[in-house]
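Here is what each chain is made of, one letter per residue.
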Amino acid sequence: MHVEADQNLICYFDGRYMQLRDAHVGILTHALHYGTGVFEGIRAHWDDAQRELFVLRSEDHYERWKKNCGILRIEIPASPEELTDITVEILRRNGFQTNVYVRPLAYKCAERIGVSTDDQDAFAIVALPFGEYLAADKGIHAGVSSWRRIDDNAIPPRAKICGAYVNSAVASADARLSGFDEAILLNENGHVAEGATCNIFMVRNGKLITPPVTENVLEGITRDSVMRLAAWELNMETIERPIDRSELYMCDELFFTGTAVAITPIVRVDHRPVKDGLIGEVTRRLQQLYFDATRGHLEVYRNWLTPIYQTQTRNEQDVVLQAATAAV
Ligand SMILES: Cc1ncc(COP(=O)(O)O)c(C=O)c1O
């Protein structure tokens, strides 16, 4: 799925809020030539009954972003809390009443020729309405790619480094041209790594299994949410171990997880049905739990959510606090 952005949307760029049409970088920008940027993907879900938009695990995403940026020595001069406040402000200014995707991007911004990096960094945050990325209700057909997942010693896939996404882009585009909905990438050891933009889980003999983070995968936040939901709500511990390609053809259930794809069942893989080709019971239950947790329907997971319209940002809280203190 591709989403064209409305140029009137309000984003955060160059330290201020502005319309997307006014946010530009120069043609010689380092990151544009050498892929020296780090991005994030964050979801906000609209709940119609509550008339509320909930940002999901915002501070966890921003913490990961800052750590990922450290690999490229990109400095983001704001804390996860402050970045969450900026995100809340962007969402409010746009007045979204729909599901939204938030795309923070930090990058080497020097405008010059030469690959080695310096300390000129910039960041931007854009948010846009975003529906379903893959067919999570019907399930999809995934194909094992002939492209291998990049290795930690080449470009660390545990970080969302812009240049690394050439690997995902070619695998994903080729999978689609071959008639699949999405690609599954193996690592250089021939083990299952992940999807082009998502982590992967299988259910085999009643066990929930996913590759460990040392198999050249992104340390997904949805992966972590799903492992928690499975443990706490279904009493299923996730086993982190390497997965062979042929296990994909023998397992009982298979699904992708990710900010864009949520929990997307894989019902066919390489022209073979996953079990009977229907969405499995564990996948269905996790999908429902994830849906409820991310829309504020489950009280225990409320701390994953930042409501946009009901609460004040830290800046506003400070103003109220200062006013109250002054009154005393
Ligand atoms: C390569 C890759 N793997 C996995 C994921 C899922 O990570 P998360 O759940 O944090 O969105 C993504 C998300 O963009 C990704 O790009």
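Residues numbered from 1 in each chain as written. Predicted model: local features only at pLDDT ≥ 70, side-chain atom pairs only at ≥ 80, totals over all residues. Heavy atoms only, no water.

Q: Break down the overall build of the protein chain for me, with residues and values.
A: Scanning the protein chain from terminus to terminus reveals eight helices and 17 strands. Computed over its C-alpha atoms, the radius of gyration of the protein chain comes to 20 Å, within 12% of the 20 Å expected for a compact globule of 328 residues. Per-residue burial for the protein chain yields a buried fraction of 52% across its 328 residues. Counted over contacts in the protein chain with a minimum sequence separation of 6, partners at least 24 positions apart contribute 69%. Total accessible area on the protein chain is roughly 15,300 Å²; 51% of this is exposed by carbon and sulfur atoms. (Helix = DSSP H or I, 4+ residues; strand = E, 2+ residues; numbered from the N terminus. Rg over C-alpha atoms; globule rule 2.2 N^0.38 Å. Buried < 20%, exposed > 50% of the residue type's maximum accessible area, 1.4 Å probe, protein only. Contact = heavy atoms within 4.5 Å. Areas by Shrake-Rupley, 256 points an atom, 1.4 Å probe, with all protein chains shown as cover.)

Q: Describe the packing of aromatic side chains, with residues and values.
A: What the rule picks out here adds up to 10 aromatic pairs. Geometrically, the ring pair formed by Tyr12 and Tyr17 is edge-to-face, given 5.1 Å between the ring centres and 65 degrees between the ring planes. You can call Tyr12 buried: its relative accessible area is 12%. Take Tyr17: its relative accessible area is 25%, and that puts it in the partly exposed class. Between Trp65 and Phe123, the aromatic rings sit 6.0 Å apart at their centres with planes inclined by 80 degrees, giving edge-to-face as the arrangement. With Trp65 in helix α2 (residues 58-71) and Phe123 in strand β7 (residues 121-129), this residue pair connects regions lying 58 residues apart in the sequence. By the ring-pair criterion, three or more aromatic residues cluster together here, those being Tyr12, Tyr17, Tyr62, Trp65 and Phe123. In this structure, Arg57 packs its charged tip against the face of Trp304, placed 5.3 Å from the ring centre. Taking the ring centre of Tyr249 as reference, the NZ or CZ of Arg272 above it sits at 4.1 Å. (Phe/Tyr/Trp six-rings, centres within 6.5 Å; stacked < 30°, edge-to-face > 60°. Lys NZ or Arg CZ within 6 Å of the ring centre and 35° of its normal.)

Q: Just give me the short version of the site of the ligand, but keep the residues and values in it.
A: Taken together, the neighbourhood of the ligand is formed by 16 residues, with Lys160, Tyr165, Glu194, Thr222 and Thr259 sitting nearest. The separation between an oxygen atom of the ligand and a polar side-chain atom of Lys160 is 2.3 Å. Glu194 has a polar side-chain atom sitting 2.7 Å from a nitrogen atom of the ligand. Burial of the ligand by the surrounding chains reaches 97%, relative to a free accessible area of 390 Å². Contributing elements (two or more residues each) for the shell around the ligand: α5 (221-233) and β14 (253-258). Its residues assigned to classes, the shell around the ligand shows five nonpolar, seven polar and four charged. (Near = heavy atom within 4 Å. Polar contact = N/O pair within 3.5 Å; in protein donor to acceptor, adjacent residues only side chain to side chain. Nonpolar A, V, L, I, M, F, W, Y, C, P; charged D, E, K, R; others polar.)

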